[in-house]
Amino acid sequence: MSQITTQPLRYQANETALVGTLVFPSNTTHPLPGLVMAPNWLGVTDNAAKLAKKVAEQGYVVLLADLYGETVRPTNPDEAGAAMMAVKNTAEEVGRMKAAIDALTQQTTAAVDSEKISAFGFCFGGHCALELARSGADIRAAISFHGGLDTCGAYDSTQIKAAILVLDGAKDPLVPREQLPAFVNEMTAVDVDWQLVSYHDAVHSFTDETANNPGVAEYHPQVTERAFTSMFELLKRVN
């Protein structure tokens, strides 16, 4: 297993100061593929950094993106909901993802192959990854773990350049089930490399070890392993 370095990374999105977390194999001697990780609605947390480390161990430089700003660190669901809704379905959602990509490719601490950049996210972060792809961002792949599939409608899906992978909990009550056929219709109407995997025994937040609301948001280790395997298979293919 690779030794992993984790350190803060300061950057800007317009006038907003952001502090993400750069996570990468410590002894890298050549540029690695880069990944922007959009966290769930709680933002930059120790639990999110743990997931970023798991991904970096597979040979990636990961930037855990700050979607809210350095002074916004939710500590409870009410604060998280308010922070999320200030960004979701606004220009800031994609803008802050693009700022994270710029920060990842411009930093000089960890060598990144700027031609091999992808994005992934969890819950709200999954929505961010999909909206980034819909905006036409020049990324290899966008992966959503238990994220909403709706769109703000500001983007033309024909501009998608990324391969899309949606990893869904089939019993997820927080992602309306009618979003799935709408997403399928959206993807099949354009020339996009896409996959939708819906895990039969999973609800929301199946990757979150702290999720413990049975039937609503609950950690599922077996589904988590399968979902990450699917992500890594896609990343190897597109890179």
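Just above sits the structure.
In this text the structure is predicted, and so the values were computed from the model without any measurement. (Residues numbered from 1 in each chain as written. Predicted model: local features only at pLDDT ≥ 70, side-chain atom pairs only at ≥ 80, totals over all residues. Heavy atoms only, no water.)

Caption draft 1: How the structure looks around unusual backbone geometry. We note that Asn-14 has phi near 55 degrees; this positive angle belongs to a residue other than glycine. Residue placement: Asn-14 occurs in the loop between β1 (4–13) and β2 (16–25). For Cys-123, which is not glycine, the phi torsion reads 55 degrees and is therefore positive. Summarising the element assignment, Cys-123 is placed in the loop between β5 (112–122) and α4 (124–134). (Helix = DSSP H or I, 4+ residues; strand = E, 2+ residues; numbered from the N terminus.)

Caption draft 2: Geometry of the environment of Arg-237. Tracing the sequence through the fold places Arg-237 in helix α6 (residues 221–238). In contact with Arg-237, not counting residues within four places along its chain, are Asp-193 and Gln-195. Side chain to side chain, Arg-237 and Asp-193 meet in a polar contact 2.9 Å long. (Contact = heavy atoms within 4.5 Å. Polar contact = N/O pair within 3.5 Å; in protein donor to acceptor, adjacent residues only side chain to side chain.)

Caption draft 3: Fine view of the side chain of Arg-134. On the secondary structure map, Arg-134 appears in helix α4. Engagement of the side chain of Arg-134 in a polar contact is seen with the side chain of Glu-131, the distance being 2.9 Å. Apart from the residues within four sequence positions on either side, Arg-134 is in contact with Leu-149, Asp-150, Thr-151, Tyr-155, Asp-156, Ile-160, Phe-183 and Glu-186.

Caption draft 4: Up close: the pattern of salt bridges. Using the criterion set out here, one finds 10 salt bridges in the structure. Between Asp-168 and Arg-177 there is a salt bridge; the shortest N-O distance is 2.9 Å. In this structure Asp-168 comes out as buried when scored by relative accessible area, which is 2%. The partner of Arg-237 in a salt bridge is Asp-193, with the nearest N and O atoms 2.9 Å apart. Taken together, the residues span a long stretch of sequence, with Arg-237 in helix α6 and Asp-193 in the loop between α5 (179–188) and β8 (194–199) at a distance of 44 residues. (Salt bridge = Lys/Arg side-chain N within 4 Å of Asp/Glu carboxyl O. Buried < 20%, exposed > 50% of the residue type's maximum accessible area, 1.4 Å probe, protein only.)

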